[in-house]
Amino acid sequence: MECAAKGSRTPCCGPATRHCHRCRAVAYCSLSHQVSHRSVHRRECERLEQQMKRADLLNDFPFTFTLEAIQGARCSFLTGHEIHRLGMWMYECCCEVSAMSFDNSRLINDWNLPSGLCPCKGPSFPIPEKHLNTWNDYYEWRCIPRNSPAALLLHWPLTVYWAVQLATRESLIPEISNELRIHYLGPEKELLQLAVFGELQALFPGVEVHIDLVGPTIPSRRNGERIYLNTYAQCNETNCQCKDPVENLCPITLQLHAGYYHDRYKELLKDSFPHIIIAPNAGIAAFTSWLPTVEVIDEIKVPAFFSDYCEEAALLAASCISSVTGTAPKIQDSDKSIQAAVSCGRKCSVYSLLF
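Per an unreviewed UniProt entry, the protein carries the name Mitochondrial splicing suppressor 51-like C-terminal domain-containing protein and comes from Castilleja foliolosa.

Right, here's the structure in full:
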């Protein structure tokens, strides 16, 4: 955690170990920095205190790997499963972040896990009529044990599932029947983990799903690249039936578009007007480049779903959206839902913004 007064007139004198005794949400490197920041923090302290009290509601994950994988020991956790720095797991720890590259157009289609730990085949039975509302629901439906690390990658397709369910429940989009078109904004690590979107074949059976992924991190040489997912990501067992051809699966179509959405949306709308726009872990308040994109979304009147790393980030994002659109977006406290559990793969609150 950084010192909350970092960047003030005097430099930090060490690690931020001195927490605000009331909210426990911010920390300081020294008493002098805490005192100098008091007038600023006073306006937010009570709000942060309430957020911290609610944090445990969203931290109640049904996995045995929660503490080890989410509270810092990610490398050792991945090593224990023999997937550290391997395939789709390459950037699930900080070891390779500085060397991250999205230039590789080869689809990595292997979980590098045994079949019992990953959804490499179709589900044994249909999605329950009450839908999937928690990670526990999902793991039981896909017959995966709770110690499986698969959720660290599956949060991408399950965020899509949750956003669509939420938009349908709020009557923002009609019930999905045979086609689903999505504009997916700001992809980063997803570009190295695209095979996990094959799980949408199970989540939306019989539906042709087309996802346009748009963002500045997409390399220009991959602009326009189209990827068809006709199978699920495979396990590492040679004789598993996931290696056999699968019939009657509706392919998931992914298409990459380099650049910002507000620069590319006109050409995208000509080819594929979306049912919904989704931006996972958007960081709207942190990047001013989102503001013209929000203007565009407000103009075209497409339901949009944003998620962010914590409740405070979502509140800041709501303020930014309000400043552009003139109306406050709906803040959806997703509690113990799939979206809340691992939108960012870390132990923290996650809120959804929908407008």
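Participant: I tried to follow the nonpolar core on my own but got confused; where do I start?
Facilitator: As a rule of thumb, nonpolar side chains are buried together in soluble globular proteins. Trp111 and Phe197 are the most contacted members of the largest nonpolar core, which totals 68 residues. Tallying contributions element by element places helix α7 (residues 151–169) first for this core, with 13 residues. When residues no more than four places from it in sequence are discounted, the contact partners of Phe197 are Trp156, Pro157, Val160, Tyr184, Glu190, Ile211, Leu229, Ile252 and Leu254. One finds Leu269, Val294, Ile297 and Ala317 within the second-largest nonpolar core, a separate group that totals 20 residues.

Participant: Can you help me understand the confidence of the model for the protein in this one?
Facilitator: The predicted structure's coordinates, where accompanied by low pLDDT, should not be read in detail. Scored by pLDDT, the protein comes out at a mean of 84, with 86% of its residues at no less than 70. Predicted confidence is poor over residues 334–355, with pLDDT under 50, and the contacts of this stretch with residues over four places away or in other chains come to 106 contacts.

Participant: Looking at this structure, I do not really get the packing of helix α10 (residues 290–300) against helix α11 (residues 311–325). What am I missing?
Facilitator: Between two packed helices, both the angle of their axes relative to each other and the distance between the axes serve to describe the pair. Contact geometry of α10 with α11 gives a least axis separation of 9 Å together with a crossing angle of 60°. Considering their axes alone, α10 and α11 lie oblique with respect to each other. Our pair here, α10 against α11, has a crossing hand that is right-handed. Contacts between α10 and α11 pair Leu291, Val294, Glu295 and Asp298 from the former with Cys320, Ile321, Val324 and Thr325 from the latter.

Participant: Would you explain the environment of Val207 in this entry?
Facilitator: With respect to the helices, strands and loops of the structure, Val207 is situated in the loop between α8 (200–203) and β4 (208–215). Classification of Val207 by relative accessible area gives buried; the value is 5%. Taking the C-alpha atoms as reference points, Val207 and Leu180, separated by 27 residues in sequence, lie 6.8 Å from one another.

Participant: Explain α11 here, please?
Facilitator: At 3.6 residues per turn, the α-helix brings residues three or four places apart onto the same side. The terminal C-alpha atoms of α11 lie 21 Å apart, and with 15 residues this matches the ideal 21 Å at 1.5 Å per residue to within 8%. Here α11 has its buried residues at Glu311, Glu312, Ala313, Ala314, Ala317, Ala318, Ile321 and Thr325. Once α11 ends, the next one or two residues include Gly326, with phi positive near 85°.

Participant: How should I be thinking about the packing of aromatic side chains in this particular structure?
Facilitator: The description of two aromatic rings rests on the distance between their centres and on the angle between their planes. Counted according to the given criterion, the structure contains nine aromatic pairs. With a centroid separation of 6.1 Å and an interplanar angle of 85°, the aromatic rings of Trp135 and Tyr139 are classed as edge-to-face. Here Trp135 and its partner Tyr139 are both found in helix α6 (residues 135–141), four residues apart, which amounts to about one turn of the helix. Per residue, the accessibility class of Trp135 equals that of Tyr139, and both read buried. A ring pair is formed by Tyr138 and Trp141, whose centres lie 6.0 Å apart and whose planes are at 65°; its orientation type is edge-to-face. Of this pair, Tyr138 and Trp141 both sit in helix α6, separated by three residues, roughly a single helical turn. Sitting above the plane of the Tyr232 ring, Arg142 keeps its charged end 5.4 Å from the centroid.

Participant: Explain the pattern of salt bridges here, please?
Facilitator: Pairing between side chains becomes possible if they bear opposite charge and their charged atoms approach one another. Under the defined criterion, the tally for this structure stands at 10 salt bridges. Residue Glu49 pairs with Arg22 through a salt bridge whose shortest N-O separation is 2.9 Å. With Glu49 in helix α3 (residues 45–58) and Arg22 in the loop between β1 (18–19) and β2 (27–28), this residue pair connects regions lying 27 residues apart in the sequence. For Glu225, the salt bridge is made with Arg222, and the minimal N-O distance between the two is 2.8 Å. Each of Arg22, Glu49 and Lys53 takes part in one network of salt bridges that share partners.

What counts, and at which threshold
- Residues numbered from 1 in each chain as written.
- Predicted model: local features only at pLDDT ≥ 70, side-chain atom pairs only at ≥ 80, totals over all residues.
- Heavy atoms only, no water.
- Core = buried A, V, L, I, M, F, W, Y, C linked by side-chain atoms within 4.5 Å.
- Buried < 20%, exposed > 50% of the residue type's maximum accessible area, 1.4 Å probe, protein only.
- Helix = DSSP H or I, 4+ residues; strand = E, 2+ residues; numbered from the N terminus.
- Contact = heavy atoms within 4.5 Å.
- pLDDT = per-residue confidence, 0-100.
- Axes fitted to C-alpha atoms, helices over the stretch in contact; angles between N-to-C directions.
- Parallel < 35°, antiparallel > 145°, perpendicular 65-115°, else oblique.
- Left-handed = near helix turned anticlockwise from the far one by under 90°.
- Expected span 1.5 Å × (residues − 1).
- Phe/Tyr/Trp six-rings, centres within 6.5 Å; stacked < 30°, edge-to-face > 60°.
- Lys NZ or Arg CZ within 6 Å of the ring centre and 35° of its normal.
- Salt bridge = Lys/Arg side-chain N within 4 Å of Asp/Glu carboxyl O.

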